[in-house]
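Residues per chain, in single letters:
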Amino acid sequence: GSDYNYTRLTLSADDKIRMGLWGRIEWMTEGGAYTGTAPFPFLEVVPAVGTYLYSMDDFNLLNFYELIADRWLRGSVEWHGEGLVFNHVPFFRRLKWREVIGAKGVIGSASNRHETLMALPDGASWLNQPYLEVNFGVENIFSVLRLDYVMRFDEPSDPTTARSGVRISFGIEI
């Protein structure tokens, strides 16, 4: 009984790879496509955080509804050094801080068949070029905090959008 006839197909995978003294790598990838025709809210709105909290799964410097696609491939990878570098610095060794480096990106496109159903809001655009952001962080601050410096490697459509920033997250690893 819907006004729209579309199908969403997605495939995703993720894993943690332990590398002994070299730390660990956490990665995630997802790809998908829409068949049929649907207005933009039903399509893949590239996930954005919109706050100062860091998220491994979403894009931390992207505005809500900034990028929309009907075919996409996104992924993220993070290396957790678990003290590989910081354990050689006396002050950091005592604090038990741990280093993190990561990157995440998305590529995709959108067919113009969706444009006739609903206009995009101001600040939104179809995903037509890759989006990439890189983070450098320190985790295990007071055993629960993580602080990341995040940089974005594209030209935002809104000139007031930050190209870099600091994000914080909380978590306990067992």
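Our subject is the structure that appears above.
The rules behind each value
Residues numbered from 1 in each chain as written. Predicted model: local features only at pLDDT ≥ 70, side-chain atom pairs only at ≥ 80, totals over all residues. Heavy atoms only, no water. Helix = DSSP H or I, 4+ residues; strand = E, 2+ residues; numbered from the N terminus. Buried < 20%, exposed > 50% of the residue type's maximum accessible area, 1.4 Å probe, protein only. Contact = heavy atoms within 4.5 Å. Areas by Shrake-Rupley, 256 points an atom, 1.4 Å probe, with all protein chains shown as cover. Core = buried A, V, L, I, M, F, W, Y, C linked by side-chain atoms within 4.5 Å. Salt bridge = Lys/Arg side-chain N within 4 Å of Asp/Glu carboxyl O. Polar contact = N/O pair within 3.5 Å; in protein donor to acceptor, adjacent residues only side chain to side chain. Pairing = 2+ DSSP bridges. Axes fitted to C-alpha atoms, helices over the stretch in contact; angles between N-to-C directions. Phe/Tyr/Trp six-rings, centres within 6.5 Å; stacked < 30°, edge-to-face > 60°.

A.B. asks: Any chance you could explain the overall build of the protein here in plain terms?
C.D. replies: Assigned secondary structure in the protein consists of one helix and 10 strands. Its C-alpha atoms give the protein principal-axis dimensions of about 60 × 35 × 25 Å. Across the 174 residues in the protein, those meeting the buried criterion constitute 39%. Of the contacts formed within the protein by residues at least 6 apart in sequence, a portion of 62% connects residues at least 24 apart. Accessible surface, the protein: about 10100 Å² in total, of which carbon and sulfur atoms supply 60%.

A.B. asks: I tried to follow the nonpolar core on my own but got confused; where do I start?
C.D. replies: Soluble globular proteins tend to pack their nonpolar side chains together in the buried interior. Judged by nonpolar contacts, the single largest core of 21 residues is most densely connected at Val46, Leu62, Val106 and Tyr131. Per-element tally for this core: the top contributor is strand β4 (residues 67-69), with three residues.

A.B. asks: How should the pattern of salt bridges be read in this particular structure?
C.D. replies: Side-chain pairing between opposite charges can occur once the charged atoms of the two side chains come close. Summed over all chains, the structure comprises 12 salt bridges. A salt bridge links glutamate 26 to arginine 24; the nearest nitrogen and oxygen atoms lie 3.0 Å apart. Side by side, glutamate 26 and arginine 24 carry an identical accessibility label, which is buried. Of the charged contacts in the structure, one is a salt bridge between glutamate 78 and arginine 146, with a shortest N-O distance of 2.7 Å. One end of the pair, glutamate 78, is in strand β5 (residues 71-80); the other, arginine 146, is in strand β9 (residues 145-152), with 68 residues separating them in the sequence. Where salt bridges share partners, they join Arg18, Arg24, Glu26 and Glu82 into one cluster.

A.B. asks: Explanation requested: the side chain of aspartate 154 in the structure shown.
C.D. replies: Here aspartate 154 is to be found in the loop between β9 and β10 (164-170). Judged by its relative accessible area of 12%, aspartate 154 is buried. Polar side-chain contacts of aspartate 154 include one of 2.5 Å to the side chain of arginine 152. The residues contacting aspartate 154, other than those within four sequence positions of it, are Pro130, Tyr131 and Arg163.

A.B. asks: Explain the environment of alanine 13 to me, please; I cannot follow it from the model alone.
C.D. replies: Relative to the helices and strands, alanine 13 is located in strand β1 (residues 5-18). Judged by its relative accessible area of 32%, alanine 13 is partly exposed. It is 28 Å that separates the C-alpha atoms of alanine 13 and proline 156, two residues lying 143 residues apart in sequence. In contact with alanine 13, other than residues within four places in its own chain, are Trp27, Met28 and Thr29.

A.B. asks: Looking at this structure, how should I read the sheet that holds β4?
C.D. replies: Whether parallel or antiparallel, the strands of a sheet pair through hydrogen bonds between backbone atoms. Read from one edge of the open sheet, three strands run β3-β4-β7, paired in mixed fashion. With partners counted over all chains shown, the strands left at the sheet margins are β3 (44-45) and β7 (125-126), one partner each. With two bridges joining them, β3 and β4 adopt antiparallel strand pairing. Looking at β4, one finds that glutamate 44 is bridged to alanine 69.

A.B. asks: I keep staring at the sheet that holds strand β6 (residues 98-109) and nothing clicks. Help me out?
C.D. replies: On the basis of which strands lie adjacent, the open sheet formed by seven strands has the order β1-β2-β5-β6-β8-β9-β10 and antiparallel pairing. If you trace the sheet from one side to the other, it starts and ends with β1 and β10, each paired once. The sheet shows a mean angle of 15 degrees between the axes of neighbouring strands, direction not considered.

A.B. asks: Help me understand the packing of aromatic side chains in this model?
C.D. replies: One pass over the full model with this rule turns up nine aromatic pairs. Ring centres 4.6 Å apart and planes at 35 degrees place the aromatic pair phenylalanine 86 and phenylalanine 92 in the tilted group. Given the relative accessible area of 14%, phenylalanine 86 is considered buried. Members of the aromatic cluster, connected to one another through ring pairs, are Tyr4, Tyr6, Tyr34, Phe42 and Trp72.

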